[in-house]
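Structure at a glance
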Amino acid sequence: QVQLVESGGGLVQAGGPLRLSCAGSGRTFSNYAMGWFRQAPGKEREFVAAISRTGGSTYYAAPVQGQFTISRDNAKSTVYLQMNSLKPEDTAVYYCAASLAWRVVRVHEYAYWGQGTQVTVSS
């Protein structure tokens with residue numbers, strides 16, 4: 001089992017930055033590739049970004065490429081999502097998730113999930 005807890009969400013004005021954190025516990029954090037997903041009201045949960053076990057490789061969904069940056073600190077068992085130039089359409093609940101597979105983007109390919117953190121971008 002891997003327990004994941006997100007933090008850092010909140011209300012931000014359009015154009016502003018926000019950094020999300022996801023702290024892991026339980027099984028060895030570095031065994032897992034980590035991903036961020038988001039779910040807006042009335043929409044399906046969608047892939048945002050992923051990072052490999054060592055942090056040496058990253059992968060982004062097209063809409064956030066160049067705007068968001070995923071990183072991890074295995075010594076702290078934490079993965080981050082730096083979000084810049086936020087737009088109202090980035091408003092969603094953001095989830096982190098853990099997978100034994102790399103470069104996977106579908107919800108069912110991630111075994112462990114956090115509870116989510118709300119990000120609201122005002123115009």
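Read on for an overview of the structure.

Criteria and thresholds
Residues numbered from 1 in each chain as written. Predicted model: local features only at pLDDT ≥ 70, side-chain atom pairs only at ≥ 80, totals over all residues. Heavy atoms only, no water. Helix = DSSP H or I, 4+ residues; strand = E, 2+ residues; numbered from the N terminus. Rg over C-alpha atoms; globule rule 2.2 N^0.38 Å. Buried < 20%, exposed > 50% of the residue type's maximum accessible area, 1.4 Å probe, protein only. Contact = heavy atoms within 4.5 Å. Areas by Shrake-Rupley, 256 points an atom, 1.4 Å probe, with all protein chains shown as cover. Lys, Arg positive; Asp, Glu negative; His and termini not counted. Charge placed at Lys NZ, Arg CZ, Asp CG, Glu CD. Pairing = 2+ DSSP bridges. Axes fitted to C-alpha atoms, helices over the stretch in contact; angles between N-to-C directions. Core = buried A, V, L, I, M, F, W, Y, C linked by side-chain atoms within 4.5 Å.

**Thoughts on the overall build of the chain**
Looking only at helices and strands, the chain has zero helices and 11 strands in total. Computed over C-alpha atoms, the radius of gyration of the chain comes to 13 Å, within 12% of the 14 Å expected from 2.2 N^0.38 for 123 residues, which places it in the range of a compact globule. Taken along the three principal axes of its C-alpha coordinates, the chain extends 40 × 25 × 25 Å. Among the 123 residues that make up the chain, the fraction classed as buried is 45%. At a minimum sequence separation of 6, the contacts of the chain that also span at least 24 residues come to 58%. Taken as a whole, the chain presents about 6,200 Å² of accessible surface, with 48% of it coming from carbon and sulfur. A distance of 6 Å separates the average location of the 11 positive side-chain charges in the chain from that of its 7 negative side-chain charges.

**A look at the sheet that holds strand E3 (residues 18–26)**
Taken together, the four strands give an open sheet; going across it, the order is E1-E3-E8-E7, and neighbouring strands pair in antiparallel fashion. Each having just a single partner strand, strand E1 (2–7) and strand E7 (68–73) make up the two edges of the open sheet. Neighbour to neighbour, the strand axes of the sheet diverge by 15° on average, direction disregarded. Summarising the sheet, E1 and E3 pair through six bridges and their orientation is antiparallel. Across the sheet, Glu6 pairs through a bridge with Cys22, a residue of E3.

**Some remarks on the nonpolar core**
Membership of the largest hydrophobic core comes to 36 residues, with the highest contact counts inside it found for Leu4, Met34, Trp36, Val79, Leu81, Met83 and Tyr94. Broken down by secondary-structure element, the contributors of at least two residues to this core are E1, E3, strand E4 (33–39), strand E5 (46–51), E7, strand E8 (78–83), strand E9 (92–99) and strand E11 (117–122). Apart from the residues within four sequence positions on either side, Leu81 is in contact with Leu18, Arg19, Leu20, Trp36, Val48, Ala49, Phe68, Thr69, Ile70 and Tyr94.

**Quick notes on the pairing of E11**
With burial as the criterion, only one face of E11 is covered, namely that bearing Thr117, Val119 and Val121; the residues Gln118, Thr120 and Ser122 on the opposite face remain uncovered. Bridge analysis of strand E2 (residues 10–13) against E11 gives four bridges, and the strand direction is parallel. Looking across to E11, one finds that Leu11 is bridged to Thr120. Pairing analysis gives three bridges linking E9 to E11, with the strands arranged antiparallel. Within E11, the position partnered with Val93 by the bridge is Gln118.

**Some points on the side chain of Ser21**
Mapped onto the elements, Ser21 comes out in strand E3. The residues touching Ser21, leaving out its near neighbours within four places in the chain, are Val5, Glu6, Ser7, Trp36, Thr78, Val79 and Tyr80.

**So, unusual backbone geometry**
The phi angle of most residues is negative, glycine excepted, and most peptide bonds adopt the trans form. Phi angles above zero are rare outside glycine, and Ser77 is one such case at about 50°. Relative to the helices and strands, Ser77 is located in the loop between E7 and E8. One non-glycine residue with positive phi stands out, namely Ser85, at about 50°. Along the polypeptide, Ser85 turns up in the loop between E8 and E9.

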